[in-house]
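# Analysis of the macromolecular model
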Amino acid sequence: MTNPFDAPDAIFMVLVNDEGRHSLWPSFTAVPPGWEVALPVADRAGCLAYIEERRTDLRTPA
């Protein structure tokens, strides 16, 4: 069995938590507590692009 997070042809969504952290998540999996859907349905590349556009460096003070 392959890792569903690595499946290039799968459908994903992007989740975000209350700290503004984003996560790639397989669309068939329930959203875990503490996370909300930021991008409901896209391919893996689209989700990763969405995350990259919104990524902040957590090591740098605001």
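Details of the structure are given in the entry above.
Residues numbered from 1 in each chain as written. Predicted model: local features only at pLDDT ≥ 70, side-chain atom pairs only at ≥ 80, totals over all residues. Heavy atoms only, no water.

Considering all chains together, one arrives at three salt bridges under this definition. A salt bridge links Asp6 to Arg44, with the nearest nitrogen and oxygen atoms 3.9 Å apart. Taken as a pair, Asp6 in the segment before β1 (11–17) and Arg44 in helix α1 (residues 44–54) lie far apart in primary sequence, 38 residues in all. The exposure class assigned to Asp6 is partly exposed, which follows from its relative accessible area of 49%. Residue class for Arg44 comes out partly exposed when judged on its relative accessible area of 24%. Note that Arg21 is salt-bridged to Glu19, the shortest N-O span being 3.4 Å. (Salt bridge = Lys/Arg side-chain N within 4 Å of Asp/Glu carboxyl O. Helix = DSSP H or I, 4+ residues; strand = E, 2+ residues; numbered from the N terminus. Buried < 20%, exposed > 50% of the residue type's maximum accessible area, 1.4 Å probe, protein only.)

This brings us to the nonpolar core. Among the nonpolar cores identified, the biggest contains eight residues, and these are Phe12, Val14, Leu24, Leu39, Ala42, Cys47, Tyr50 and Ile51. When contributions to this core are tallied by element, the ones reaching two or more residues are β1, β3 (35–43) and α1. Per-element tally for this core: the top contributor is α1, with three residues. Apart from residues lying up to four places away in sequence, Tyr50 is in contact with Val14, His22, Ala38 and Leu39. (Core = buried A, V, L, I, M, F, W, Y, C linked by side-chain atoms within 4.5 Å. Contact = heavy atoms within 4.5 Å.)

All right, on to the packing of aromatic side chains then. Scanning all chains against the criterion turns up one aromatic pair. Ring centres of Phe5 and Trp25 lie 5.4 Å apart, and the angle between their planes is 70°; this geometry places the pair in the edge-to-face category. With Phe5 in the segment before β1 and Trp25 in strand β2 (residues 22–26), the pair connects residues that are 20 residues apart, well separated along the chain. Phe5 gets classed as partly exposed once you look at its relative accessible area, which sits at 30%. Positioned above the aromatic ring of Tyr50, the side-chain terminus of Arg54 is 3.6 Å from the ring centre. (Phe/Tyr/Trp six-rings, centres within 6.5 Å; stacked < 30°, edge-to-face > 60°. Lys NZ or Arg CZ within 6 Å of the ring centre and 35° of its normal.)

Structurally, Val37 is set in strand β3. Each C-alpha atom of the pair Val37 and Leu15 lies 4.5 Å from the other, and the pair is 22 residues apart in sequence. Apart from the residues within four sequence positions on either side, Val37 is in contact with Met13, Val14, Leu15 and Val31.

It is worth stressing that arrangement in space is one thing and function is another; only the former is reported here.
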